[in-house]
Structures are given as structure tokens and as C-alpha cells.
Amino acid sequence: MAVKIRLKRMGKIRAPYYRIVVADSRTKRDGRVIEEIGKYHPTEEPSFIEVKSDRALYWLGVGAQPSPQVEAILKLTGDWGTFKGEKNPKNTVKVKEAKVEFVADEKKKAVLKPKAEAPAPKAEEKPAADEDAAAATGDDQAADAVVEAPAAEEAPGTEAAATEEAPADADADKA
């Protein structure tokens, strides 16, 4: 039985990819195979080539004959040179470069957000932090000054909202 190492075509019309297979020379191109030993995708840039070197060398060693296309692939991977006894066979297969993902800096993300979506600093949270700092130093006058400062900073519209809420709360207490 004559054994060949050849390509088995797969994929769609005008989008082929191949498997490198070991098959009887009398079988169909895409027919039954003995073993699959690699892959070849010619449509990718650069072409994807993957060969199980140990299995390829085994089949070459027991007398399997590669097709001209497979022989060219084995020369690229360096397996043909290993089989022929070269001292330093070279693997000249080009490999795709890894994609570099863009990572935005946290400081720049706030700049990219629209003003409406950006969270506004709350006046209630700042005094609490300042009171804790003043209490830690033991300065009671500084703590009182910190509490009074945010009230002066409030906009005139917030005072009107506070007065409108007071009658509503009074009506709720009566009921």
C-alpha cells in the first residue's frame, strides 16, 4: 500500500482551508484518511501553518511520500530538513502579531464623558470628611466653621427647594 502525505480540502467556495493528512494514495482527495497531522489556512495573512512534527517525521520515516504542496510546507516548518538530516533546519513560518488592545487611562475617561453624565460632587459628603479631620485634630472651632461653610456655598435655588419641602413635611405630620 502506497501512503501519501497530502492536503485535504475543507471550507467554503473561495474560502478554502486544508488539513495535512496521511492517506492511502488510492483514496479520494477528501476521502478517508489514516491520520491528520496538521492544518494549513492559505487565506489568512500570514498563512496559518501548523504541523505535528513528531508525526510527520514518523510517517516520512516509514516511507510516506509527501505531495509537492506538503513538501513545500514541511520545508517552511523545518521538518523536511530534519528528515533529510540537516544540522540546523530553520522554521521560516511567519506568525501573526498579537493584537494590542487600547486601554484608556482612568483620568482621561472622565474627560470623555458628557457633562450631564459626569457625577457632580455632593456637598453633604465633603463636610463629613472635613469634620472628621477637624475632630481628629481636636479643634472644635474649625469643625463649626466647616459645617457653616457649605451652607453659604449653596445656590439660591436650593434654599427655595428647602422651604417648599418644609410645608409638605408639616402636612404629613398632621395626618
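Residues numbered from 1 in each chain as written. Predicted model: local features only at pLDDT ≥ 70, side-chain atom pairs only at ≥ 80, totals over all residues. Heavy atoms only, no water.

1. With respect to the environment of Pro-68
Working step 1: Tracing the backbone shows Pro-68 in helix H2 (residues 68–77).
Working step 2: For Pro-68 and Ile-5, which are 63 residues apart along the polypeptide, the C-alpha to C-alpha distance reads 9.6 Å. (Helix = DSSP H or I, 4+ residues; strand = E, 2+ residues; numbered from the N terminus.)

2. Looking at the pattern of salt bridges
Working step 1: Applying the stated criterion across every chain, the model contains five salt bridges.
Working step 2: Taking the shortest distance from any N to any O, the salt bridge between Arg-26 and Asp-24 comes out at 3.0 Å.
Working step 3: Close ionic contact of Asp-30 with Arg-29 constitutes a salt bridge, the shortest N to O distance being 2.8 Å. (Salt bridge = Lys/Arg side-chain N within 4 Å of Asp/Glu carboxyl O.)

3. Here we look at the pairing of strand S3 (residues 35–41)
Working step 1: Within S3, five of the seven residues are buried, leaving the element largely enclosed by the surrounding structure.
Working step 2: Note: strand S2 (residues 15–24) against S3, five bridges, orientation antiparallel. If you follow Arg-19 over to S3, its bridge partner there is Lys-39.
Working step 3: Pairing geometry for S3 and strand S4 (residues 48–51), over four bridges, is antiparallel. Across the sheet, residue Tyr-40 finds its bridge partner in S4, namely Ile-49.
Working step 4: Counted along the chain from S3 to the antiparallel partner S4, the turn is six residues long. (Buried < 20%, exposed > 50% of the residue type's maximum accessible area, 1.4 Å probe, protein only. Pairing = 2+ DSSP bridges.)

4. Digging into the environment of Ile-73
Working step 1: Assignment of secondary structure puts Ile-73 in helix H2.
Working step 2: Once the C-alpha coordinates of Ile-73 and Tyr-40 are considered, the two residues, 33 residues apart in sequence, prove to be 8.6 Å apart.
Working step 3: Ignoring any residue separated from it by four or fewer positions in sequence, one finds Ile-73 in contact with Leu-7, Ile-20, Tyr-40, Ile-49 and Val-51. (Contact = heavy atoms within 4.5 Å.)

5. With respect to unusual backbone geometry
Excluding glycine, residues mostly have negative phi values, and the peptide bonds linking residues are mostly trans.
Working step 1: Here the residue pair Glu-45 and Pro-46 is connected by a cis peptide bond, since its omega of -5° sits within 30 degrees of zero.
Working step 2: You can see Pro-46 is positioned in the loop between S3 and S4.
Working step 3: Positive phi is not limited to glycine here, since Arg-14 has a value of about 60°.
Working step 4: Assignment of secondary structure puts Arg-14 in the loop between strand S1 (3–12) and S2.

6. Let's talk about the nonpolar core
Working step 1: Among the nonpolar cores identified, the biggest contains 18 residues, and Ile-5 and Ile-20 are the most heavily contacted of them.
Working step 2: Elements with a minimum of two residues in this core: S1, S2, S3, S4, helix H1 (53–61) and H2.
Working step 3: With near-sequence residues (within four places) excluded, Ile-20 lies in contact with Ile-5, Arg-6, Leu-7, Glu-35, Glu-36, Ile-37, Gly-38, Lys-39, Glu-50, Val-51, Val-70 and Ile-73. (Core = buried A, V, L, I, M, F, W, Y, C linked by side-chain atoms within 4.5 Å.)

7. Quick look at H2
Working step 1: Along H2, the residues classified as buried are Val-70, Ile-73, Leu-74 and Thr-77. The arc that holds the buried residues of H2, viewed along the axis, is 100°, so those residues lie on one side. (Arc of directions from axis to C-beta.)

8. Some words on the pairing of S1
Consecutive residues of a regular strand have side chains that alternate between opposite faces of the sheet.
Working step 1: Here S1 runs beside S2; their pairing, made up of 10 bridges, is antiparallel. Bridge assignment links Leu-7 to a residue of S2, and that residue is Ile-20.
Working step 2: Count of turn residues in the S1/S2 antiparallel hairpin: two residues, of which Arg-14 carries a positive phi of about 60°.
Working step 3: Examined bridge by bridge, S1 and strand S5 (residues 65–66) share two bridges and lie parallel to one another.

9. Considerations on the side chain of His-41
Working step 1: Following the sequence through the fold, His-41 ends up in strand S3.
Working step 2: Taking relative accessible area as the criterion, His-41 reaches 17% and is therefore assigned buried.

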